[in-house]
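Below are the chains, spelled out letter by letter.
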Amino acid sequence: MSEFSIDGRPVPFTEGQTVAAALVAAGRVAWRTTRVGHRPRGVFCGIGVCFDCLVTIDGAGGQRACVVPARPGMNVTTGETMTTAATATTAATATTATTEEGDDD
Amino acid sequence: MTEQSDLIVVGAGPAGLAATAAALAGGLRVALVDSGTVVGGQYWRHPPEHARAAIPTEDLHHGLREYRALADALPAARAAGRLDLRTAHHVWSAVREDDGFAVHAADRREAPAETAVVLRAPRLLVATGAYDRQLPFPGWDLPGVLTIGGLQALLKGGGVTAGSRVALGGTGPFLLPVAAGLAARGAEVVAVCEAANPLAWLRHPGPLLRNPGKWGEGAGYAVALARHRVRVRPRTAIVRAEGDERVTAVRIASLAADGSPRPGTERRIEVDAVGIGWGFAPQLDLLVALGCDLTASDDGNAVVAVDDGQRTTVPGLYAAGEVCGVGGAPLAVAEGRLAAESVLADAGTAPVPGDPAARAKRLAAVRATVARQRAFARAMALAHPLPEAWSEWLTDETVVCRCEEVTAGAVRAACADGGAPDHRQVKQLTRAGMGWCQGRMCGPTVHCLAGRGRPYTPAERLVATPVTLGALADLDRRNSPARTE
Ligand SMILES: Cc1cc2nc3c(=O)[nH]c(=O)nc-3n(C[C@H](O)[C@@H](O)[C@H](O)COP(=O)(O)OP(=O)(O)OC[C@H]3O[C@@H](n4cnc5c(N)ncnc54)[C@H](O)[C@@H]3O)c2cc1C
Ligand code: FES
């Protein structure tokens, strides 16, 4: 088994597992805290669409633990992952346009 | 290195794989792009090649012979320079250009590092599949509550069970393989709560009778579940998850005909994981942004409108699989084949190899399969509707938008005082749908809470997956029309 670390603590994994799969296999289903309610969150959709599983990996924030393959020596950190990554999503959500207007009654 | 492709296929699930194999067989050069590290999509999700001995998942699969036939066609085509296979490439945008399409992807083979890539081709096939549709309920945001697809993905992709005592709930035949898979890996499946009435199938028996393949699979699950003493409870739902730092129990209740919990029937069951799925919602981001017409499907989703050859309303753009309506892997495969045949016919570049009469016969058979499987999908949608009164199990405190932590109370208030008629207006007022997932999880729900009866059409998302500004800047600097390697 190989290992990566989460917040400094080792997590064993089988090559081929994602970061989330390794954490769940190690008995952890939560690794993030929400901004408003400070609620614990971890993996939910498991396929990269819900963004519940966000972590910082080797300094890169906003990574989905359920899609990134675990690699030996990876340094995963939790906590405030939302602001560390400058991503285009922020821009996109701010300007999200609507094309398909349902014709209202 | 990439030569110019004739066709870009986004999505290497059953639909995209079948389309790619058929297009290659017809002599086209194809670029196949998928965000996953291996091909197979959701249905044929596998661990990476090098990990298959350490993480055995073969016994969890169906139709592996077909998967192997499709996947095995890829290496030779790659070696011949006719297939540009791009796994671990997340497509974040696809746009029309004068002579075709430009597909923008983030190459994440070295994740978390990423590089921007642009692929171009005269024709594009989008086969991005679907994700689990969710209805919120009190406690659904507790750790340990997952989508059933998420449980399945952990199992098929990583060999991991998310709990040792698991309750499943929602509606649809997909509950069964997930229950069987978990049980096969030693988890105790303490409840499978199916909201629908199994007798609903009897109202439309024709499609079931005409798809005997489905019985075999269904009977297989029935045997597996009986062996593990797993009981499916019809007309039952998980109405609450309890726990503090993670889920420790669920409350289940019998449902009345309208789907509301029947008073006095609630039971508490201790669990350490929960899986929920209310059918699937198609992944339409790329297609909506490309301007395709959408249409309503029987399960309440908007899906992309295609003709009888899987052509969308945008010239040169094709769609196959669950983006055209949720119907299972065999339908996705058949639609993929049909789409490839249309691409071959429309491209009309070189004569397609093989005997034309045999080809026409094959095509007729594929069309017949599509028609039969679509009829089955329709019957499935009618037999497994969302319970009409599902919102009765919400409390005002129930989180509806997981990203922005907007509650059902806030959404209801916006609809009442602001008169917000749909999910877009609710979003303006409450921020529901404004977070990282861009409304993928809560969009349909907020839509139901705001304006019932009309089909849900997703808002346009400018990027289908977030991409770092660094990778974009890098692309801009290089300013090369197509990155080749
Ligand atoms: C999580 C999950 C698990 C499932 N498991 C099963 C199962 O075990 N058994 C079963 O009968 N049905 C299962 N299904 C149902 C499933 O939808 C199948 O019916 C079938 O996989 C559909 O085939 P498809 O080719 O249409 O799409 P999919 O199989 O979903 O394939 C779509 C592909 O597109 C890729 N993709 C999507 N967006 C992008 C993008 N922007 N950039 C790059 N690539 C992209 C995805 O990575 C995926 O590989 C599951 C569904 C989900 C959501
Ligand atoms: S669990 Fe949904 S994105 Fe990772």
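Residues numbered from 1 in each chain as written. Chains lettered and ligands numbered in written order. Predicted model: local features only at pLDDT ≥ 70, side-chain atom pairs only at ≥ 80, totals over all residues. Heavy atoms only, no water.

> Help me out: how do you make sense of the overall build of chain B in this one?
Within chain B, the secondary structure is distributed over 13 helices and 22 strands. Whereas a compact globule of 485 residues would reach a radius of gyration of roughly 23 Å, chain B reaches 22 Å, a difference of no more than 12%. Reported as C-alpha extents along the three principal axes, the dimensions of chain B are approximately 70 × 50 × 45 Å. Per-residue burial for chain B yields a buried fraction of 59% across its 485 residues. Pairs at least 24 residues apart make up 64% of the contacts formed inside chain B by residues separated by at least 6 positions. With the model as given, the accessible surface of chain B reaches about 18,800 Å², and the carbon-plus-sulfur share is 53%. Positive and negative side-chain charges of chain B, numbering 52 and 50 respectively, have mean locations separated by a distance of 5 Å. (Helix = DSSP H or I, 4+ residues; strand = E, 2+ residues; numbered from the N terminus. Rg over C-alpha atoms; globule rule 2.2 N^0.38 Å. Buried < 20%, exposed > 50% of the residue type's maximum accessible area, 1.4 Å probe, protein only. Contact = heavy atoms within 4.5 Å. Areas by Shrake-Rupley, 256 points an atom, 1.4 Å probe, with all protein chains shown as cover. Lys, Arg positive; Asp, Glu negative; His and termini not counted. Charge placed at Lys NZ, Arg CZ, Asp CG, Glu CD.)

> So what exactly am I meant to see when it comes to the confidence of the model for chain B here?
The predicted coordinates should not be examined in detail at positions where pLDDT is low. Residue and element names in this part refer to chain B. With 91% of its residues at a pLDDT of 70 or more, chain B has an overall mean of 89. Within the model, the stretch residues 480–485 combines pLDDT values under 50 with 17 contacts to residues more than four positions away or in other chains. Reported confidences for the modelled complex are a pTM of 0.92 and an ipTM of 0.92. (pLDDT = per-residue confidence, 0-100.)

> Just checking my understanding: could you explain the domain arrangement of chain B for this structure?
Segmentation of chain B into domains returns domain 1 (2–131 + 281–352), domain 2 (134–278) and domain 3 (394–450). Averaged C-alpha coordinates put domain 1 of chain B and domain 3 of chain B at centres separated by 32 Å. (Domains from an automatic or database assignment.)

> What is the right way to read the packing of helix α1 (residues 14–25) of chain B against helix α2 (residues 64–79) of chain B from this model?
Each packed pair of helices is defined by two parameters, the angle between the axes and the distance between the axes. Residue and element names in this part refer to chain B. Running from N to C, α1 and α2 cross one another at 50°; their axes reach a closest spacing of 9 Å. Considered as vectors, α1 and α2 are oriented oblique to each other. You can see that α1 and α2 cross each other, and the crossing is left-handed. Residue-level contacts link Leu17, Ala18, Thr20, Ala21 and Leu24 of α1 to Tyr67, Leu70, Leu74 and Ala77 of α2. Here the residues of the contact of α1 with α2 sort into eight nonpolar, one polar and no charged. (Axes fitted to C-alpha atoms, helices over the stretch in contact; angles between N-to-C directions. Parallel < 35°, antiparallel > 145°, perpendicular 65-115°, else oblique. Left-handed = near helix turned anticlockwise from the far one by under 90°. Nonpolar A, V, L, I, M, F, W, Y, C, P; charged D, E, K, R; others polar.)

> How should I be thinking about the packing of helix α3 (residues 148–158) of chain B against helix α4 (residues 175–184) of chain B in this particular structure?
Residue and element names in this part refer to chain B. Between α3 and α4, the least distance of the axes is 10 Å, while the angle of their chain directions is 40°. Considered as vectors, α3 and α4 are oriented oblique to each other. Crossing handedness for the pair α3 and α4: left-handed. Across the interface between the two elements, Ile148, Leu151, Gln152 and Leu155 from α3 touch Leu175, Pro177, Val178, Gly181 and Leu182 from α4. Tallied by class, residues from the contact of α3 with α4 come to seven nonpolar, two polar and no charged.

> Please clarify how the site of ligand 1 should be interpreted in this entry.
Contacts to ligand 1 come from 30 residues, most closely from Asp34(B), Val91(B), Gln152(B), Lys156(B) and Glu322(B). Neighbouring residues of ligand 1 are distributed over chains A and B. Tyr43(B) has a polar backbone atom sitting 3.1 Å from an oxygen atom of ligand 1. At 2.7 Å, a side-chain N or O of Lys156(B) approaches an oxygen atom of ligand 1. In isolation ligand 1 exposes 980 Å². Once the protein is present, 92% of that is buried. For the shell around ligand 1, the elements supplying multiple residues, two or more each, are α1, β4 (89–97), β8 (130–132), α3 and α8 (329–347) of chain B. (Near = heavy atom within 4 Å. Polar contact = N/O pair within 3.5 Å; in protein donor to acceptor, adjacent residues only side chain to side chain.)

> Explanation requested: the environment of Asp346(B) in the structure shown.
Residue and element names in this part refer to chain B. With respect to the secondary-structure elements, Asp346 resides in helix α8. The sequence separation of Asp346 and Ala19 amounts to 327 residues, and the corresponding C-alpha distance is 15 Å. In this structure Asp346 touches Arg123, Arg311 and Tyr318, once residues within four positions along its chain are discounted. Among the polar contacts listed, one links the side chain of Asp346 to the side chain of Arg311, at a separation of 2.8 Å. One polar contact links Asp346 to Tyr318, side chain to side chain, over a distance of 2.7 Å.

> Which parts of the structure should I look at to understand helix α9 (residues 356–383) of chain B?
It helps to recall that an α-helix has 3.6 residues per turn; residues three or four apart then point in one direction. Residue and element names in this part refer to chain B. In this model α9 runs 41 Å from its N-terminal to its C-terminal C-alpha over 28 residues, within 8% of the 40 Å that 1.5 Å per residue would give. For α9, every residue scored as buried is listed here: Val366, Val370, Gln373, Ala375, Phe376, Ala377, Ala379, Met380, Ala381 and Ala383. Those residues of α9 that are buried lie in contact with α5 (205–209), α6 (212–227) and α8. (Expected span 1.5 Å × (residues − 1).)

> Help me out: how do you make sense of the side chain of Asp299(B) in this one?
Residues and elements named next belong to chain B. Its location among the elements puts Asp299 in the loop between β18 (294–296) and β19 (302–304). In terms of polar contacts, Asp299 uses its side chain to reach the side chain of Ser297, at 2.6 Å. A polar atom in the side chain of Asp299 sits 3.0 Å from the side chain of Asn301. Beyond its immediate sequence surroundings of up to four residues, Asp299 is in contact with Arg133, Phe280, Val326 and Ala381.

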